[in-house]
Number of protein chains: 4
Amino acid sequence: MQLGIVGLGRMGGNIARRLMRDGHHTVVHDRHAPAIDTLLAEGAKGANDLAALVQQLDKPRAVWVMLPAGEATEQTIAQLADLLEADDVIIDGGNTFYKDDIRRAQHLAERQLHYVDVGTSGGVWGLERGYCMMIGGEQAVFERLEPLFASLAPGEGDIPRTRGRSGPSARAEKGYIHAGPPGAGHYVKMVHNGIEYGLMQAYAEGFDILKSKASDSLPADQRFDLNLPEIAEVWRRGSVVTSWLLDLSADALVADPQLGSYSGSVSDSGEGRWTIDAAVEQAVPVPVLSSALFARFRSRQQQGTYGDKLLSAMRFGFGGHVEKSE
Amino acid sequence: MQLGIVGLGRMGGNIARRLMRDGHHTVVHDRHAPAIDTLLAEGAKGANDLAALVQQLDKPRAVWVMLPAGEATEQTIAQLADLLEADDVIIDGGNTFYKDDIRRAQHLAERQLHYVDVGTSGGVWGLERGYCMMIGGEQAVFERLEPLFASLAPGEGDIPRTRGRSGPSARAEKGYIHAGPPGAGHYVKMVHNGIEYGLMQAYAEGFDILKSKASDSLPADQRFDLNLPEIAEVWRRGSVVTSWLLDLSADALVADPQLGSYSGSVSDSGEGRWTIDAAVEQAVPVPVLSSALFARFRSRQQQGTYGDKLLSAMRFGFGGHVEKSE
Amino acid sequence: MQLGIVGLGRMGGNIARRLMRDGHHTVVHDRHAPAIDTLLAEGAKGANDLAALVQQLDKPRAVWVMLPAGEATEQTIAQLADLLEADDVIIDGGNTFYKDDIRRAQHLAERQLHYVDVGTSGGVWGLERGYCMMIGGEQAVFERLEPLFASLAPGEGDIPRTRGRSGPSARAEKGYIHAGPPGAGHYVKMVHNGIEYGLMQAYAEGFDILKSKASDSLPADQRFDLNLPEIAEVWRRGSVVTSWLLDLSADALVADPQLGSYSGSVSDSGEGRWTIDAAVEQAVPVPVLSSALFARFRSRQQQGTYGDKLLSAMRFGFGGHVEKSE
Amino acid sequence: MQLGIVGLGRMGGNIARRLMRDGHHTVVHDRHAPAIDTLLAEGAKGANDLAALVQQLDKPRAVWVMLPAGEATEQTIAQLADLLEADDVIIDGGNTFYKDDIRRAQHLAERQLHYVDVGTSGGVWGLERGYCMMIGGEQAVFERLEPLFASLAPGEGDIPRTRGRSGPSARAEKGYIHAGPPGAGHYVKMVHNGIEYGLMQAYAEGFDILKSKASDSLPADQRFDLNLPEIAEVWRRGSVVTSWLLDLSADALVADPQLGSYSGSVSDSGEGRWTIDAAVEQAVPVPVLSSALFARFRSRQQQGTYGDKLLSAMRFGFGGHVEKSE
């Protein structure tokens, strides 16, 4: 198949590569010309602007926008909407808020254009392992584009089959699903990231306990000189907490058990926040997912927070307690 | 009545004073002699050691130990046990873990001695306002000591009577209760402090949100230049969140809206931790009380935690994300 | 002064009453005619529809809308906007989301109309105690309406003055503040309610621990037969956790220590949710306020949640654990 | 090697089997005779009581106790201590609290006996996949027993090697570690289970959000008819949240997307609670691990909690709010 791709950062570039490896044709654009040249050398066609990109695609066209969520994506989709024709498809592969997807899809539908949202997980490993994709959009449009998704997905690989499944592989077993109408793909991806934060924080807290048990500040008879890289490694073998995130933790701990190259200031992306907003909107209690997000917020405030200062002020007020450094 | 008091820090000294104001007699001891002299000048009898203190008391004796919980209290009680005689009473007014009370009471009972645990709230304000007391011990012993508790307690004051109460004031309305057998006093005080942490953190988080809404880092059109001292003040008048802790917050915010003299490193005492342990033991979910404790733990780690570093390491592992400073 | 009031429920009716007691004139409307008649009998003027209400007011007019937040308020304001004239003021005294205030104020400003948002706390007690008010709007408009706010507010009462305050009483000390531009009033009220949830949950968890310690299911030697009404009462006297919410708890516990008339299904209003959304938007960690909200969500699911069932399914998967009833 | 095994439940029996498959000799005892007979038929020697078991073992002996933590294990170890001789080893493979291990090891050392604690993960899958083991004890004793651990462990399998590791496989890569002195094995296993709870709750909350988004109670235009089995499946392919727990979730969801055979009443074991106690003792903030534990506590209270009833009572007190069923 043929696909236009706008945005050739790490994700966009690798999507083009993985598609071309599987025999698809790509027409690519990026506002930085060298990014186009790199892909040209790997077999893509290039376009210096969106109009040129649209012109080089056969109807009905499909254009994958792979840009930072927010203004960049919004504007590009607006421009494409003016250039495309009835029955063409715009695919947003970024980290868009699902309500923006719904709004856009309605707006584009008035112009006979289709909108598909693709939530992808896999990050820097996608080129090699394939992209896990959660896709929202009309059923017929999803099916039209399915050869692209099948090429981008990881496929069955050597992952043991889920108990109770039989017959030919379902799409999900190949690594992509049609989650529902526009917005559903990013909705599922949003929750995926919410879970991801929770899983990560569970490991972080556990290793924090282990680390603290090995601390010099404990009396020697209460201390265990635990070897954290070995603990992460052994848990990879048959324990209940095996996971890819544990594998990555083991990698990092082997490289440096002190994790000294990190400051511990942890960013968060929109999805983690939107997951909490969605839970609040739907009245679902999410103590773990929210705690994980708040731990990240707190990690970025290396100074005492205003709230903490107020605690100290109250303690001074009722008990005369003066802050001690520890 | 007559009472021996061991430990003349802020709490012990003021307990002696408040009792003497109400006509009781005190025999006091402290390992720092000047503390004894101060009380002598105010009408107390002094004792240079525990034996001298015991000798100056009439049988059945009552000795109030007002020392830091842990070793200091433990050893003093052991020494008193050797000096006292059948039917005498040891009162622990410190912040002792209630299971230690139970153990001690059983041990002292074997020697015909009584044990009373008194959880007190009121801190630096106790001399003036009186002490709110939660008392554990045998019923008859509690009643024997009741004149002391009545003098130490705040009394009815001008606090409006609870709807549905009638007749003469109950002890609780005067500011002290017999909570149950040995340990029950400190148990109730422990939970009091657990609640205290939760209340304080609720205000801290709320004012943190308000402060952040006034932050220069927000675009001007999303900012409200909120006046936090005025907000604390207005909430003292008829709002649902009125409380003594809010009064203290208002005091602090008037003195300095930036709370600049505090670093935000917040200590915690045993009670807050034991409350969580008790809840875990009793299988009671306490998300708010535990979150409040953990916020204090976190407040004391001004550097990135090991757990936060592991989060950064995982993010680098799956997404190539490099930490940004914000 | 003169004020139009739309919506004569408990809040609206009592606002009219409290204003009239202080010599103000009110013109009132409600879609239920008997509500109007009741106020007529107490000295108000009545209006059968919004047009009649507007006609009976002198310019520049002020109309207080006291309706459920959402559609009812939105439509009434839209209708009033068509009836009012330049320099008139619409006051929204309901529980509106502050971003809706900002939007409305901008829209009304295009028509030379003013918008004031009033967050009120005090509930059923307002008529008697006065309303604590947090007010958003233009400074000049706020000042124009100030006599009304002064009458509605509780005044200084017999609340001890905040340490460090001197001179004549500030507005906040009388029970109302000008929090900032449109939206600021409801923003501050929103955070007030977020704090309220946190405070309430702190007491709830503490009393849950106490209750569980008195449970028959514990072995007798681990049980304390705690008297919860007495504990709530004693904490009202000089303890750190004194508050109005504790007073109300004491009322309820005296009436029935088992709280048997309540099922424990706890509603939440928009403000509690919006507080979490605001914290997430502003990247402020709010573990206590969010835990309090989630406890309410959970309280309404008397059946096992889907998430809990998934936990059971996983446990069965890795350990063969079968659910036990307890 | 030769090993005595006491306790032939699912774990003990399969440990005997896995050892015998690898050529080791076992002498087994269980208080239920049929359990012994079953193992006899598979090649073990049997013993009708502990004395007989000890007699059939060569010196220095090793006896693995595989009983429920608590009294059963405690008494068996006490009896074995009386039967064993200098340099013999007692292994506790159960879920013992690590401070009990330390106490026991000190006590046994006075009698020249060794104590080894083995935390195992793998549950019902251990016979087939091998047991992941975290082992505490003296270095020399650990090494003496190492052939047993090597047989019980999963081995390297086909798990990709951790980046940065080279040379011959470390013990951890084979699935067992010497974590430290007595108690260290169970300490690490304890934290493992704490993490396990956190991971499980993260998935539970995520799927709860997804389920609720598909709920009939939502207006059709806000609903996504999400297919949860397909979502679990697709996440197994290249997503960041892949894990064994996700595999098990996928199994369960294929079998019944409604999880209708589960009530959602979720048990917890000692380790999850001790992890929180350890974190509190070590002043490590663990919002996610504690939230996960509390969610389990709450799952078992299908009735409204006392705390929730108090919330309702307070709401009635300040606002006249009457509970609504939803």
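Residues numbered from 1 in each chain as written. Chains lettered and ligands numbered in written order. Predicted model: local features only at pLDDT ≥ 70, side-chain atom pairs only at ≥ 80, totals over all residues. Heavy atoms only, no water.

Under an unreviewed UniProt entry, the name given to chain A is Decarboxylating 6-phosphogluconate dehydrogenase, and the organism recorded is Pseudomonas brassicae. A UniProt comment under Pathway (unreviewed entry) is attached to chain A, and it reads "Carbohydrate degradation; pentose phosphate pathway." (UniProt positions renumbered as here; feature names shortened; annotations may be inferred.)

Novice: How would you sum up the interface of chain A and chain D? Please name residues and give values.
Specialist: Taken residue by residue, the interface counts 83 residues in chain A and 82 residues in chain D. Summed over both partners, the interface of chain A with chain D comes to about 7100 Å²; 66% of that surface belongs to carbon and sulfur atoms. The interface formed by chain A and chain D holds 6 salt bridges in total. One salt bridge connects Arg165(A) with Glu230(D), and the closest N-O pair in it is separated by 2.9 Å. In this assembly, chain A and chain D are joined by 36 residue pairs in polar contact (both at pLDDT 80 or more). The dominant element in the side of chain A that touches chain D, judged by the number of residues it contributes, is helix α9 (residues 184-213) of chain A, at 19 residues. For the side of chain A that touches chain D, the per-class residue count stands at 46 nonpolar, 20 polar and 17 charged. (Contact = heavy atoms within 4.5 Å. Buried area = accessible area lost by both parts, 1.4 Å probe. Salt bridge = Lys/Arg side-chain N within 4 Å of Asp/Glu carboxyl O. Polar contact = N/O pair within 3.5 Å; in protein donor to acceptor, adjacent residues only side chain to side chain. Helix = DSSP H or I, 4+ residues; strand = E, 2+ residues; numbered from the N terminus. Nonpolar A, V, L, I, M, F, W, Y, C, P; charged D, E, K, R; others polar.)

Novice: Residues and numbers for the interface of chain B and chain C, please.
Specialist: Across the boundary between the two partners, chain B contributes 83 residues, which contact 82 residues of chain C. Taking both sides of the interface into account, the surface hidden between chain B and chain C amounts to around 7100 Å²; carbon and sulfur atoms contribute 67%. At the surface where chain B touches chain C, the tally comes to 6 salt bridges. Across the pair Asp251(B) and Arg163(C) runs a salt bridge whose closest N-O atoms are separated by 3.3 Å.

Novice: Report on the pattern of salt bridges, specifying residues and quantitative values.
Specialist: Overall, the coordinates contain 96 salt bridges over all chains when judged by the stated rule. With its nearest N and O atoms 2.9 Å apart, the salt bridge here joins Arg61(C) to Glu85(C). Residue Arg61(C) is located in the loop between α3 (50-55) and β4 (62-65), and its partner Glu85(C) is located in the loop between α4 (71-83) and β5 (89-92); the two are separated by 24 residues in the primary sequence. Asp308(D) serves as the salt-bridge partner of Arg298(D), at 3.4 Å between the closest nitrogen and oxygen. Taken together, the positions of Arg298(D) in helix α13 (residues 287-299) and Asp308(D) in helix α14 (residues 306-319) put the pair 10 residues apart, joining distant regions of the chain. For Arg298(D), a relative accessible area of 9% translates into the label buried. Among the ionic contacts, a cluster of salt bridges with common partners joins Arg161(A), Arg165(A), Glu173(A), Glu230(D), Glu233(D), Arg236(D), Arg237(D) and Asp247(D). (Buried < 20%, exposed > 50% of the residue type's maximum accessible area, 1.4 Å probe, protein only.)

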